[in-house]
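Results of the structural survey
The lines below spell out each chain.
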Amino acid sequence: MSASLVSNAYLDEHSAKIRSKPVPWEGYQRAGLVTTEELGLIKKVDRQPRAKTESILVSDGQTYALLYLRLLKKLQRVDTMQCLLVLIADALLDHDERIPLFTRTVQSDPDLPHAPLLRTLETQDEFVQVKSAQILTILLSAESTPLQHHHLQPFLKALATLVQSTSANKRDVAVQCLEALLARPECRKAVWAIPGIIAGLVEILRHKPGPQMCYQVIFCLWLLSFEQDIAEQINKKFDIIPLLTSVAQEAAKEKVTRVIIATFRNLVTKAPSANLPAMLVSELLSFTKNLAAAKWSDEDILEDIQFVRDELERNFASLTTYDVYTSELASNHLSWTPVHESEEFWRENAHRLHERDFAQLKALIQLLDSNDPVTLAVAVHDVGQYVKHCERGKKVVTDLGAKARAMELMTHSDPDVRYHALLAVQELVSHPWTAA
């Protein structure tokens, strides 16, 4: 993997400045931190033209790979770490064949090459953090065997911090690093174990980034969706289906739509029962029908669109209105679809919420703790409708704790939630108790 795969204008600009900055190598030698031999070697490449450095690396690359990493291990001044990281990245840039020079340094020191780079991730300097992340990604991505836990885990924890940072440069580099690493199955499983990474990716999408960042974030989600257990749980934990549907509806670039539909295809293939209900609620069927009628430069995207559309049609063509409602509950995401405000629906189906030990009613009541104000408003409205149309409703709802929660929602910050909570509480207090 080339260093250019993790690229960033901030890294390029600061690297150019750092190449011309002096580092007090002689001072390190006088302090006993650098040997005379190390001083002689580093002076040959310090602030030298690229052509000269390249010729030295061609003839003596292994010596310099070991030198750079040894110096990085023992020298902790920020400007010195910056210089060494630039020297390492420059050696690797467009020279994948030099990656083994750095990975073989473990034969001379078991801490190399990873430990010094992992340590630099902990510094407070932004350039040092993201440059280290770039280099670690290059080295780890090139490994031919599964990555060792003690190398991967601390790096992923650092990426979780970077991807959730307020710094655009940190987020950008972290997402690119994840793009490269998630091609490896062991990385997908390890990333899933660190919720902060996926939460960070989802948060980036919610803030509507530009098309390239949008594509890269969703590419990470697509790679994650190849894992069965992730495909089964990712929407339940992170509500990605309505978010990706919204992004696709606004996408200006075909590649963004393509990677979203490819992600949906994985979710449908790997875990249909976990994901199809949320796709129905997000009105993905009508959207995929529209997409199927459009013209695409890439034939693969049309095949994926048709697959997702056909699966949705096959699964939902025969659904009753109540089936649609329970699918919406299963998605943990409610919206003002016609069923909620249909008096006929509630007259005919309120009692069905009692089935299987009140399973659907309990699912509805759980949504009274949602963080989404629309879901909250619809859920508390539905509780009121249930009580209105079911003679046993008031006692059941009270016993399950929904009355107290509805009363709390009367002071919610969202006016729509407050309004529907008030109506629900009116139903709860106006109906007489009926023994269950």
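Sequence order as written defines residue numbering, which begins from 1 separately in each chain. Restriction of local features to residues with pLDDT of at least 70 applies here, the model being predicted, together with a cutoff of 80 or more for giving and counting side-chain atom pairs; totals for whole chains, interfaces and linings are based on all residues. With hydrogens and water stripped out, all remaining heavy atoms of the structure feed into the side-chain values.

**Description of unusual backbone geometry**
Applicable threshold: Numbering of helices and strands runs from the N terminus, with a helix taken as a DSSP run of H or I at least four residues long and a strand as a DSSP run of E at least two residues long. Buried residues are those whose accessible area, probed at 1.4 Å on protein chains only, stays under 20% of the maximum for their type, while exposed residues exceed 50% and partly exposed ones sit between those limits.
Cis geometry marks the peptide bond from L112 to P113, where omega comes out at 0°. With respect to the secondary-structure elements, P113 resides in the loop between α6 (99–103) and α7 (114–120). With a phi angle near 60°, D94 is a residue other than glycine that sits in the positive phi range. Summarising the element assignment, D94 is placed in the loop between α5 (78–92) and α6. In this structure, N332 is a non-glycine residue whose phi angle is positive, near 65°. In this fold, N332 is placed in the loop between α20 (321–330) and α21 (343–349). By relative accessible area, N332 is classed as partly exposed at 32%.

**Quick look at helix α12 (residues 195–206)**
What counts is decided by this rule: The span one expects for a helix is its residue count, reduced by one, times 1.5 Å. Residue contacts follow a heavy-atom distance rule, with two residues in contact if any of their heavy atoms lie within 4.5 Å.
Taking 1.5 Å per residue as the helical rise, α12 with its 12 residues ought to reach 16 Å, and the 17 Å between its terminal C-alpha atoms agrees with that figure. For α12, every residue scored as buried is listed here: G196, I197, I198, G200, L201, V202, I204 and L205. The elements touched by buried residues of α12 are α9 (149–163), α10 (168–181), α11 (185–192), α13 (211–224), α14 (228–238) and α15 (240–250). Positive phi appears at K208, one or two residues downstream of α12, with a value of about 50°.

**Notes on the layout of surface pockets**
Which entries qualify depends on this criterion: Every definition here rests on a 1 Å grid over the protein atoms only: cavities are sets of points where a 1.4 Å probe fits but cannot get out, pockets are open sets enclosed by protein on both sides within 12 Å along at least five of seven lines, and lining residues have some atom within 4 Å of a point. Grid points are joined across faces, edges and corners, and a volume is the space filled by probe spheres set on the points. Each residue gets one label: Ala, Val, Leu, Ile, Met, Phe, Trp, Tyr, Cys and Pro are nonpolar, Asp, Glu, Lys and Arg are charged, and the others, such as Gly, are polar.
Its boundaries defined by the atoms lining it, the largest pocket holds a volume of some 330 Å³. If you trace the largest pocket, you find 13 residues lining it, with D239, N332, S370, N371 and D372 closest to the centre. Residue composition of the lining of the largest pocket, grouped by class: one nonpolar, eight polar and four charged.

**What to know about α15**
Extensive coverage of α15 is indicated by the burial of eight of its 11 residues. As for α15, its buried residues are in contact with α12, α13, α14, α16 (254–270), α17 (272–281) and α18 (284–292).

**So, the domain arrangement of the protein chain**
Which entries qualify depends on this criterion: The source of the domain bounds is an automatic or database domain assignment.
Annotation of the protein chain at the domain level lists domain 1 (1–139) and domain 2 (330–429). Placing the centre of domain 1 and that of domain 2 at their C-alpha centroids yields a distance of 61 Å.

**As for the packing of aromatic side chains**
Spelled out, the test is: Any two of the Phe, Tyr and Trp rings considered here, Trp counted by its six-membered ring, make a pair once their centres fall within 6.5 Å; the pair's planes then place it as stacked at under 30 degrees, edge-to-face at over 60, or tilted in between. In this scheme, the term charge over a ring applies when either NZ of a lysine or CZ of an arginine sits within 6 Å of the ring centre and within 35 degrees of the ring normal.
The final tally for this structure, using the stated rule, is 10 aromatic pairs. Centre to centre, the rings of Y64 and Y68 are 5.9 Å apart; their planes meet at 65°, and the pair counts as edge-to-face. Here Y64 and its partner Y68 are both found in helix α4 (residues 50–74), four residues apart, which amounts to about one turn of the helix. Ring centres of Y215 and F219 lie 5.9 Å apart, and the angle between their planes is 40°; this geometry places the pair in the tilted category. Taken as a pair, Y215 and F219 lie in helix α13 at a separation of four residues, close to a single helical turn. The pair formed by Y215 and F219 is uniform in burial state, with each residue classed as buried. Looking at K255, its charged tip hangs above the ring of Y215, at a distance of 4.8 Å from the centre. For R265, the ring lying beneath its charged end belongs to F307, and the centroid distance is 4.1 Å.

**Overview of empty space enclosed by the protein**
The gaps left among the atoms become clear once a water-sized probe is rolled over them. Under the counting rule described, the total for this entry stands at one cavity of 30 Å³ or more. Estimated volume of the largest cavity: approximately 30 Å³. Every residue along the wall of the largest cavity is listed here: I18, K21, P22, V23, D79, Q82 and C83. In terms of residue count, α5 provides more of the lining of the largest cavity than any other element does, three residues in total.

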